[in-house]
Amino acid sequence: MDTIDFEQLRLPKHVAIIMDGNGRWAQLRGKHRTFGHKAGAEAVRRAVTFARQKGIQSLTLFAFSSENWKRPEQEVSVLMDLFFTVLKREVKKLHKHQVRVRVVGDKRAFSAKLQQRINEAEQLTENNTALTLNIAANYGGRWDITQAAKQLASDVQEGKLGLDDISEDKLAEQLCLAEQPAPDLLIRTGGEHRVSNFLLWQLAYAEFYFADVLWPDFDEQAFARAVADFSCRERRFGLTSEQVQQAILDTDVTSGE
Ligand code: IPE
Ligand code: IPE
Ligand code: MG
């Protein structure tokens, strides 16, 4: 985008996106909702390219929630097929561009064929370093926290961990995306202002950005606007604005800038 100078922006390290609005996008065109999901796959490709080119480290896309199984059977089936085909079609290109692909969520619910495809994609790309693309599928924030708690309980049961050793850090280590920086920017398209059981723990201090644009229309300009908006925000993490400004000055002095 010509009006935004990316060199001057403070970029988020990790962007998470709730890709919402596919169904409405199709319905506005008199088509079936699934037509919108197919168009949404193109928007995914644009977003991944944008993130990679701008030097964002991690991009986490909400593709299918734990609750989305409750949708009509035919829509769920199209979404599963689409996930399979897109993975198959795109993984070589992603690998060529040094993108590491991870699928986060309860994968056991997927067909054996899809699980195999996911494993292959993850293995092929595991050493790539340009961008980590996390696809949240059959993912729910409550599921994530529950599975982490279960892991800690099992460690306690086996005597590997004492009850008093349980801390926020220990629980966080068991969550999906634990090895990546926490998302600093959450974008939701489609005009709704809710979190819909996405990364409940990990978004504790993320900046939220809501866009009215429906997901299939989310393009480079829309992504750039979200990043530019993020760049202007003051993140206080519970401190006062004065403390934050002082900390910035102190860092500049110690780093000799
Ligand atoms: C997001 O678009 C994609 C998925 C949840 C799989 P929707 O399908 O929720 O589209 P709307 O919100 O109904 O328009
Ligand atoms: C959130 O969108 C899930 C994904 C984008 C995959 P939904 O469309 O499922 O969320 P609600 O139902 O509007 O809260
Ligand atoms: Mg929706």
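Residues numbered from 1 in each chain as written. Chains lettered and ligands numbered in written order. Predicted model: local features only at pLDDT ≥ 70, side-chain atom pairs only at ≥ 80, totals over all residues. Heavy atoms only, no water.

*Asks:* Describe in detail the site of ligand 2, supporting the description with residues and values.
*Replies:* The environment of ligand 2 is made up of I18, M19, D20, F62, A63, F64, S65, N68, R71, R188, R194 and S196. Interatomic distance of 3.0 Å between a side-chain N/O atom of N68 and an oxygen atom of ligand 2. In the model, an oxygen atom of ligand 2 is placed 2.6 Å from a nitrogen or oxygen of the S196 side chain. Protein contact buries 78% of the 390 Å² of open area that ligand 2 shows by itself. For the shell around ligand 2, the element with the most residues is strand 2 (residues 58-65), which contributes 4 residues. (Near = heavy atom within 4 Å. Polar contact = N/O pair within 3.5 Å; in protein donor to acceptor, adjacent residues only side chain to side chain. Areas by Shrake-Rupley, 256 points an atom, 1.4 Å probe, with all protein chains shown as cover. Helix = DSSP H or I, 4+ residues; strand = E, 2+ residues; numbered from the N terminus.)

*Asks:* Lay out the site of ligand 1 with the relevant residues and their values.
*Replies:* All residues adjacent to ligand 1 are M19, D20, G21, N22, G23, R24, R33, H37, A63, N68, R71 and L79. Within the side chain of D20, an N or O atom sits 2.8 Å from an oxygen atom of ligand 1. Here ligand 1, which alone exposes 380 Å², has 87% of that area covered by the protein. Residue assignment for the shell around ligand 1 shows that the elements contributing at least two residues are helix 1 (22-28) and helix 2 (33-54). Looking at the shell around ligand 1, its residues break down into 3 nonpolar, 5 polar and 4 charged. (Nonpolar A, V, L, I, M, F, W, Y, C, P; charged D, E, K, R; others polar.)

*Asks:* How would you sum up the sheet that holds strand 5 (residues 185-188)? Please name residues and give values.
*Replies:* Strand order in this open sheet of 6 strands is 3-4-2-1-5-6, and the pairing throughout is parallel. Looking at strand neighbours, the two that pair on one side only are strand 3 (99-104) and strand 6 (207-210), the edges of this open sheet. The mean inter-strand angle of the sheet, taken between neighbouring strand axes irrespective of direction, is 20°. Pairing geometry for strand 1 (residues 14-18) and strand 2, over 5 bridges, is parallel. When the bridges of strand 2 are listed, A16 appears paired with T60. Helix-sheet contacts for helix 2 involve strand 2, strand 3 and strand 4 (131-139), and the interaxial angle to strand 2 is about 160°. (Pairing = 2+ DSSP bridges. Axes fitted to C-alpha atoms, helices over the stretch in contact; angles between N-to-C directions. Contact = heavy atoms within 4.5 Å.)

*Asks:* Explain helix 4 (residues 112-125) to me, using residue names and the numbers behind them.
*Replies:* With 14 residues, helix 4 should cover 20 Å at 1.5 Å per step; its first-to-last C-alpha distance of 20 Å lies within 8% of that length. Along helix 4, the residues that are buried comprise L114, R117, I118, A121, E122 and T125. Take helix 4 and look down its axis: the buried residues cluster within an arc of 130°, on one side only. Turned more than 90 degrees away from the buried face of helix 4, the exposed residues are A112, K113 and Q123. Residues of helix 4 that are buried make contact with helix 3 (73-96) and strand 3. (Expected span 1.5 Å × (residues − 1). Buried < 20%, exposed > 50% of the residue type's maximum accessible area, 1.4 Å probe, protein only. Arc of directions from axis to C-beta.)

*Asks:* Any details on the UniProt feature "binding site: Mg(2+)" (unreviewed entry) in the protein? Residues and values, ideally.
*Replies:* In the numbering adopted here, UniProt assigns the feature "binding site: Mg(2+)" (unreviewed entry) to D20 and E207. With respect to the element layout, D20 can be found in the loop between strand 1 and helix 1. If near-sequence neighbours (up to four positions away) are discounted, D20 is found in contact with R188, T189, G190, E192, L214 and W215. Along the chain, the position of E207 falls in strand 6. With sequence-adjacent residues up to four places away left out, E207 is seen in contact with D184, L185, L186, F230, R233 and R235. (UniProt positions renumbered as here; feature names shortened; annotations may be inferred.)

*Asks:* Can you tell me about the packing of helix 2 against helix 3, naming the residues and giving the values?
*Replies:* Packing of helix 2 against helix 3 leaves a shortest axis separation of 10 Å and a crossing angle of 25°. Comparing their axes, helix 3 and helix 2 come out roughly parallel. Relative to helix 3, helix 2 is oriented so that their crossing is right-handed. Every residue of helix 3 that contacts helix 2 at R33, T34, H37, K38, A41, E42, R45 and V48 is listed here: Q74, E75, V78, L79, L82, V86, R89, E90, K93 and L94. (Parallel < 35°, antiparallel > 145°, perpendicular 65-115°, else oblique. Left-handed = near helix turned anticlockwise from the far one by under 90°.)

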